[in-house]
Amino acid sequence: MKKKLLAMLCCLTLAAASLTGCGGGSADTGAETAGTDGAEAQAPAASGGDVKIALITMDSIDQHWVTLNEGAQKAASELGVTVDFMAPNTKDDAQQIECVNNAVAGGYQAILVAANGPDAISSALKEASSAGVKIVYVDSPANVDAEATFSTDNKAAGTTAGQEMIKALEAAGVTSGDIGIINVNAATDSCVMREEGFRAAFDGSAYNILETQYGEGDAAKSQSIAENYITQGVVGIFGCNEGSTTGAGNAIKAAGNSGIIGVGFDKSDAILNLIGDGYLLCTMAQNPDVMGYEGVKAAVAAVNGESLGGAVTDTGVSVINAESTGAAPAADGGATASKEWKIALITMDSIDQHWVTLNEGAQAKAEELGVSVTFMAPNTKDDAQQIECVNNAVAGGYDAIMVAANGPDAISSALNEAAAAGVKIVYVDSPANVDAEATFSTDNKAAGKTAGEEMIKALEAAGTTSGDIGIINVNAATDSCVMREEGFRSAFEGTDFNLLETQYGEGDAAKSQSIAENYITQGVVGIFGCNEGSTTGAGNAIKAGGNADIIGVGFDKSDAIMNLIGDGYLLCTMAQNPDQMGSMGVEACVKALEGESLGGVVQDTGVSVLTK
């Protein structure tokens, strides 16, 4: 009966779309534009025309999918296309397949799909593809080639979830015990990868991971499973999606045992409230709005004849806990300023677009909270100038300093003096060697490794399995860039590629271009730039040399970098979220100034791989 009802509903949706043309399902839902910045320019904003796109997620109820649809509708509104959200009400392979078949029958030119079961839905997607329908994956792929995929690196994020649980357990003096896992099913690829990554985090530990239980993503079923785990005396429970996480938190709350460490996935009001109330430790927050937004752009580009090459884009993840209220204001209502606090923002320079964007995020949050943020970074990356800015902030009576340390050793003495004078210190992007209230930055080592893996994939796809690789860094002291290089080098361990001695361009595009040109004369097959200036210089050198076969990979996002990627002179860049760093940094400053202890929390603000 449910399947017949669903078929009727899907048919009604298709009929309504046919009657309303481009108007149906394409209204702007008001999704936040900031949510799409992390993966901008994945697919060019092609002209929409009369393009009709079906968005088929695992269900239509979870807030994760609702937010994904909001991002999709925003892109649809911008491009003038129709996106119809026709997901089933519950996670069911047969119902999802029925929606795919109805989309093909309804004349949709593209399908955005989050596969509930990658095997189950593959036959229907193959038939759709054979009928000329373009397939784009969002969140969870199936086993059929697609134009593009926009999803989270679920295995890595699952490992992070496990590591967060271990840290919390050990901090509570618990070094062994049983851990329960609640998953959706044994087939949904994204959730299977999360579980695999989570289990990997416990390798070599004294904890015992119990047999996984499946709650079909339903919060009530998951709560029953969690309650059974609790009766077995578990010390922790991991939920692999929104429903699983909500159920786990509700069970811990019902038992009144906040000593059990609950960790999960996805972000909803219910989950954030459970974190705020102390019944969940944290959740891995994805960016479903980015998936939806970029997915629609990719679908339109594919329908208009552009080849996207099956590109897989990691849309990033952040760890949201009780302290990271910049990402989760619903958990505790966010910060409140009792006065117009004065905050100094001191980045490595004031020119790179990365720092400009970070300042924009800081200013927006400052206006929201009614505080003052003064951007007083030097014009160039120079330790002495940055130290002078710190000293000027202290002398000027600033209450807090947000700083991205150019040299963590060089600036530490000045920051120690500032802290001794009662100034609150918060790090954004790159910390120094002084305790701070909080740090908001990218996991640079992990992102650097991703950059290396992207380069290796591209080289091997071109038939290149050995050769020299050049690295352009800022200097040997900037911690964030040092970590990026370390991660990049680790990706090449065990390969036949030879990584040359690192050259330093001080983050200057012109100096970096000269270094890259010298690398090119040495016959390198790839060049890695560790920051915006390094990356721009590398791309400009490859362009000037007219050799697009050299694989250029870098860090940060700017108009220059995106143009070089679009023109084929750079493969990709690791795009951080500087606006989020700035926003969260200001909120942390205000909380610290209002007397709240943030405990030196370190928040990963995520990264996305931006390709052509």
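This is a predicted model, so every value here is computed, not measured.

Participant: Sorry if this is basic, but what is going on with the confidence of the model for the protein chain here?
Facilitator: Do not read the fine detail of predicted coordinates wherever pLDDT is low. Taken residue by residue, the protein chain gives an average pLDDT of 87. The fraction at 70 or more is 90%. Residue range residues 1-47 is modelled with pLDDT below 50. Its contacts to residues more than four positions away, or to other chains, number 103 contacts.

Participant: I tried to follow the layout of surface pockets on my own but got confused; where do I start?
Facilitator: The gaps of empty space that remain are located by a probe, the size of a water molecule, rolled over the atoms. Its volume calculated, the second largest pocket comes out at about 1200 Å³. T160, Q163, V319, D443 and D604 are the residues nearest the centre of the second largest pocket, which is lined by 49 residues in total. Those elements that provide at least two residues to the lining of the second largest pocket are α5 (154-171), β10 (261-265), β13 (318-321), β18 (438-441), α15 (444-461), α16 (479-491) and β25 (601-604). No other element matches the 8 residues that α5 contributes to the lining of the second largest pocket.

Participant: Would you mind showing me how to read the packing of aromatic side chains here?
Facilitator: Centre-to-centre distance and the angle between the planes together describe a pair of aromatic rings. Applying the stated criterion across every chain yields a total of 8 aromatic pairs. With a centroid separation of 6.3 Å and 65 degrees between ring planes, the pair formed by F238 and F265 is classed as edge-to-face. Taken together, the positions of F238 in strand β9 (residues 236-239) and F265 in strand β10 put the pair 27 residues apart, joining distant regions of the chain. The burial state of F238 is the same as that of F265; both residues are buried. Measuring from centroid to centroid gives 6.3 Å for F528 and F555, while their planes differ by 65 degrees, and the two rings are edge-to-face. With F528 in strand β22 (residues 526-529) and F555 in strand β23 (residues 551-555), the pair connects residues that are 27 residues apart, well separated along the chain.

Participant: Hey, could you run me through the sheet that holds β25 in this one?
Facilitator: Either a parallel or an antiparallel arrangement is found when strands of a sheet pair, and the pairing is made through backbone hydrogen bonds. In space, the 6 strands of this open sheet follow the order β15-β14-β16-β17-β18-β25, with parallel pairing throughout. Unpaired on one side and paired on the other, β15 (372-375) and β25 mark the two borders of the sheet. Averaged over neighbouring strand pairs, the angle between their axes works out to 20 degrees when direction is ignored. As paired elements, strand β16 (residues 400-403) and strand β17 (residues 424-428) share 4 bridges and run parallel to each other. Residue I401 lies in a different strand from β17, and its bridge partner there is I425.

Participant: Hey, could you run me through unusual backbone geometry in this one?
Facilitator: As a rule of thumb, non-glycine residues mostly have phi less than zero, and peptide bonds are mostly trans rather than cis. Of note, the phi angle at E216 is positive, near 60 degrees, even though the residue is not glycine. If you trace the backbone, E216 turns up in the loop between β8 (213-214) and α7 (219-231). On the accessibility criterion, E216 (47% relative accessible area) is partly exposed. Backbone geometry places D429, a non-glycine residue, at a positive phi of 75 degrees. Tracing the chain through its elements places D429 in the loop between β17 and β18.

Participant: Hey, could you run me through helix α19 (residues 559-566) in this one?
Facilitator: Turn by turn, an α-helix covers 3.6 residues, leaving residues three or four places apart pointing in a common direction. What α19 keeps buried is the set I561, M562, L564 and I565. With its buried residues spanning 160 degrees around the axis, α19 presents them on a single face. Buried residues in α19 make contact with α18 (532-545), β23, β24 (572-575) and β26 (608-611). Two residues or fewer after α19 comes G568, characterised by a positive phi angle close to 90 degrees.

The rules behind these values
In this numbering scheme, every chain counts its residues from 1 along its sequence in written order. Selection of residues for local features in this predicted model requires a pLDDT of at least 70, selection of side-chain atom pairs for listing and counting requires 80 or more, and totals for whole chains, interfaces and linings are taken over all residues. Only hydrogens and water are set aside; all other atoms, that is, all heavy atoms of the structure, feed into the side-chain values. pLDDT gives the predictor's per-residue confidence on a scale running from 0 to 100. In this description, contact between two residues means that some pair of their heavy atoms is separated by no more than 4.5 Å. Using only the protein atoms, space was sampled on a 1 Å grid; points where a 1.4 Å probe fits but cannot get out form cavities, open sets with protein on both sides within 12 Å along at least five of seven lines form pockets, and lining residues are those with an atom within 4 Å of a point. Grid points are joined across faces, edges and corners, and a volume is the space filled by probe spheres set on the points. Secondary structure elements are taken from DSSP: a helix is a run of H or I of four residues or more, a strand is a run of E of two residues or more, and numbering for both begins at the N terminus. Aromatic pairs are defined between Phe, Tyr and Trp rings, using the six-membered ring for Trp, whenever the two ring centres lie within 6.5 Å; interplanar angles under 30 degrees are classed as stacked, those over 60 as edge-to-face, and all others as tilted. Think of it in three bands: residues with accessible area under 20% of the maximum for their type are buried, residues over 50% are exposed, and the middle band is partly exposed, with areas taken using a 1.4 Å probe on protein chains only. A pair of strands is treated as paired once DSSP finds two or more bridges between them. Note on geometry: axes are lines fitted to C-alpha atoms, helical ones only across the stretch in contact, with angles between N-to-C directions running from 0 to 180 degrees. Working definition: the arc comes from the directions between the helix axis and the C-beta atoms, pointing outward to the latter.

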